[in-house]
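Residues per chain, in single letters:
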Amino acid sequence: MDLRFLFSQLLVQFLLGISAIVLAELIRDAYHLAGHYWQPLKRFHNLHHKAYRPDLTIASLETYQRAQLYNDVPEAMAMFSATTLLAGLTQMPGFWLGSLYSLVFLIPALARSQGLLLQTDVTHKPGDLIDLPKPWIVNRTYHWRHHFDQPNAYFCGHFTIVDKMLGTSLALKDKVVAVTGASGALGQALVAELTRQGARVIALTTSENAQFDSKVEVLRWQIGAEEELRSRLQKVDIFILNHGVNVHSDRSKAAIQTSYEVNTFSTWKLAELFLETVTESSHKAIKELWINTSEAEVNPAFSPLYELSKRTLGDLITLRRLDAPCIIRKLILGPFKSQLNPHGVMSAPGIAWAIVALAKRDFRDIIVTINPITYAVFPVKEALQSLYFRLFTRSNS
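As the structure is a prediction and not an experimental result, all values here were calculated from the model.

*Asks:* Explain the nonpolar core to me, using residue names and the numbers behind them.
*Replies:* One recurring pattern in soluble globular proteins: nonpolar side chains tend to sit buried together. Residues Leu194, Ile240 and Ile355 are the most contacted members of the largest nonpolar core, which totals 42 residues. Counting residues per element, the ones that place at least two in this core are strand E1 (176–179), helix H7 (185–196), strand E2 (200–205), strand E4 (238–241), strand E6 (327–333), helix H12 (348–359) and strand E7 (365–368). For this core, the element with the highest residue contribution is H12, accounting for eight residues. If we ignore the near neighbours within four places in the chain, the residues touching Ile355 are Leu186, Leu190, Trp290, Leu331, Leu333, Ile366 and Val368. Listed in part, the 23 residues of the second largest apolar core include Val176, Trp221, Leu233 and Ile291.

*Asks:* Can you explain the sheet that holds E7? Please cite residues and give values.
*Replies:* Ordered in space as E3-E2-E1-E4-E5-E6-E7, the seven strands form an open sheet in which the pairing is parallel. Of all strands in the sheet, those with a lone pairing partner are strand E3 (217–220) and E7, marking the two edges. Neighbouring strand axes in the sheet, compared pairwise and without regard to direction, differ in orientation by 15° on average. By the bridge criterion, four bridges tie E2 to E3 in an arrangement that is parallel. Bridging from a neighbouring strand, Leu204 pairs with Leu219 of E3. Packed onto the sheet, helix H11 (residues 304–321) meets strand E5 (288–292), E6 and E7 and runs at close to 155° relative to E6.

*Asks:* Give me the pattern of salt bridges: which residues, what numbers.
*Replies:* Applying the stated criterion across every chain yields a total of 19 salt bridges. Notably, a salt bridge pairs Arg230 with Glu227, separated by 2.5 Å at the nearest N-O pair. A salt bridge links Lys381 to Glu297, with the nearest nitrogen and oxygen atoms 2.5 Å apart. Separated by 84 residues along the polypeptide, Lys381 in helix H13 (residues 372–392) and Glu297 in the loop between E5 and H11 bring together distant segments of the chain. Taken as a pair, Lys381 and Glu297 share a single burial class, namely buried.

*Asks:* Help me get a handle on the pairing of E7, residues and values and all.
*Replies:* Sheet analysis places E6 next to E7, joined by four bridges and oriented parallel. Bridging across to E7, Leu331 finds its partner in Ile366. The parallel pair E6 and E7 is bridged by H12, and the resulting crossover is left-handed.

*Asks:* So, the pairing of E5: which residues are in play, and what are the values?
*Replies:* With five of its five residues buried, E5 lies for the most part within the structure. Judged by which residues are buried, E5 turns out to be covered on both faces: Glu288, Trp290 and Asn292 on one side and Leu289 and Ile291 on the other are all buried. Of the pairings in the sheet, the one linking E4 to E5 comprises four bridges and is parallel in character. The partner of Phe239 across the bridge, within E5, is Leu289. In the sheet, E5 pairs with E6 via five bridges, with the strands oriented parallel. When the bridges of E6 are listed, Ile291 appears paired with Lys330. Remark: the E5/H11/E6 crossover connection has right-handed handedness.

*Asks:* Can you tell me about helix H9 (residues 253–275), naming the residues and giving the values?
*Replies:* Between the first and last C-alpha of H9 there are 32 Å, a value that for 23 residues agrees with the 33 Å anticipated at 1.5 Å per step. At Glu261, H9 is bent by approximately 40°, the largest bend along its length.

*Asks:* If you had to explain the packing of aromatic side chains to someone new, which residues and values would you point to?
*Replies:* Here the structure, examined in full by the defined rule, presents 10 aromatic pairs. The interplanar angle of 45° and the centroid separation of 5.9 Å between the aromatic rings of Tyr388 and Phe389 together place this pair among those described as tilted. It is Arg145 that lies over the ring of Tyr142; its NZ or CZ is 4.8 Å from the centre. For Lys164, the ring lying beneath its charged end belongs to Trp136, and the centroid distance is 4.4 Å.

*Asks:* Can you explain the packing of helix H1 (residues 3–37) against helix H3 (residues 61–90)? Please cite residues and give values.
*Replies:* One way to put it is that H1 packs onto H3 with a least axis distance of 9 Å and a crossing angle of 140°. In terms of orientation, H1 and H3 fall into the oblique class. Judged by the sense of rotation from one axis to the other, the crossing of H1 with H3 is right-handed. Residues Ala20, Leu23, Ala24, Ile27, Arg28, Tyr31 and His32 of H1 pack against Asn71, Pro74, Glu75, Ala78, Met79, Ala82, Thr83 and Leu86 of H3.

*Asks:* Account for the environment of Leu69, naming residues and giving values.
*Replies:* For Leu69, the position within the fold is in helix H3. Classification of Leu69 by relative accessible area gives partly exposed; the value is 32%.

*Asks:* Help me get a handle on the packing of H1 against helix H2 (residues 39–50), residues and values and all.
*Replies:* The relative placement of two packed helices is expressed as an angle between their axes plus a distance between the axes. Interaxial distance between H1 and H2 falls to 6 Å at its minimum, and their mutual angle equals 100°. Between H1 and H2, the angle is such that the two are roughly perpendicular. Mapping the contact onto sequence places Tyr31, His32, Ala34, Gly35, His36 and Tyr37 in H1 and Gln39, Leu41, Lys42, His45 and His49 in H2. For the contact of H1 with H2, the residue count by class is four nonpolar, six polar and one charged.

Calculation rules
- Residues numbered from 1 in each chain as written.
- Predicted model: local features only at pLDDT ≥ 70, side-chain atom pairs only at ≥ 80, totals over all residues.
- Heavy atoms only, no water.
- Core = buried A, V, L, I, M, F, W, Y, C linked by side-chain atoms within 4.5 Å.
- Buried < 20%, exposed > 50% of the residue type's maximum accessible area, 1.4 Å probe, protein only.
- Helix = DSSP H or I, 4+ residues; strand = E, 2+ residues; numbered from the N terminus.
- Contact = heavy atoms within 4.5 Å.
- Pairing = 2+ DSSP bridges.
- Axes fitted to C-alpha atoms, helices over the stretch in contact; angles between N-to-C directions.
- Salt bridge = Lys/Arg side-chain N within 4 Å of Asp/Glu carboxyl O.
- Right-handed = clockwise from strand over helix to strand, strands pointing away.
- Expected span 1.5 Å × (residues − 1).
- Bend = angle between axes of the 7 residues up to and from the residue.
- Phe/Tyr/Trp six-rings, centres within 6.5 Å; stacked < 30°, edge-to-face > 60°.
- Lys NZ or Arg CZ within 6 Å of the ring centre and 35° of its normal.
- Parallel < 35°, antiparallel > 145°, perpendicular 65-115°, else oblique.
- Left-handed = near helix turned anticlockwise from the far one by under 90°.
- Nonpolar A, V, L, I, M, F, W, Y, C, P; charged D, E, K, R; others polar.

That is the geometry; function is a separate question.
Put into structure tokens, the structure is as follows:
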């Protein structure tokens, strides 16, 4: 027998098996979605939500067993039926791997429903949240948000693909979101977009004349007085650091001082103040820090001090991400029309819409630019720099 032919056939069947597993997970996610929006399934799925306390311990053994019987077992049956039907119709052995995968959910669910197994699955394991939400795989922290942050988001069971497609990887409704640089073009656009998403927005501005919608809380502050915001940041869920300055062609001592003070060190101080508020288990799931480091991290902005100060900030944030207690997103933005860049070619409202849309799909590096080079270069730069920092630095915690 030709070994190469045998190997190729095994590889094909293996790939078919992987596709069957993905199909099973898509069926699982679709069933879960139906449990939130289709009335015949909704009352059974509600049992699942009632079965757990915020620390994911079982609230009621009776409710837990009923939830397993009326929600988890039918869900696993749907997975098993779809994958078995596919395998039977196509007569492709690899597809049976999807059926076996589905049985891994069906058999334990049946056992739990009859009181024969009390140990729950990985995403419902009780105890404090340890890890941050994963971007592609559902872990305990990711799924905790579905139960106790926003039930109409975070639907996925194992792979986060469906949430990314639907824009339900991050819920903004009723979140307290603070935005610095709120009186600037992008700041105003972000405040407006976040308000439309149902967030409770706090506009942080150094301007005395800035005007905002009556729904927006306005908090005035000054560069150098970051510590005064400490107590208010305790109640903030998402902190967007967006303030900055562009001295353009000025290279004086004062310009250097201003560029680094505003673009680098003020942002760094505020970032650390916010990260210090991540003190509870639930904060790992809910709190986030978004930082506008700019496309200047990897491309010229034709303003050397703006580039230098933003690149320094970007490098520090890459380093800080290694041990961050919550999600940190970078905003890598191309030239948009604003007070800092009157010649920008993109619109601030369009940028703000894209930032929010990508965040809701759990992009950790949010790139919005007309420059195709940035989309190719930045991920490579970020990955290599992160690896370099991880190899040659260590945490004292």
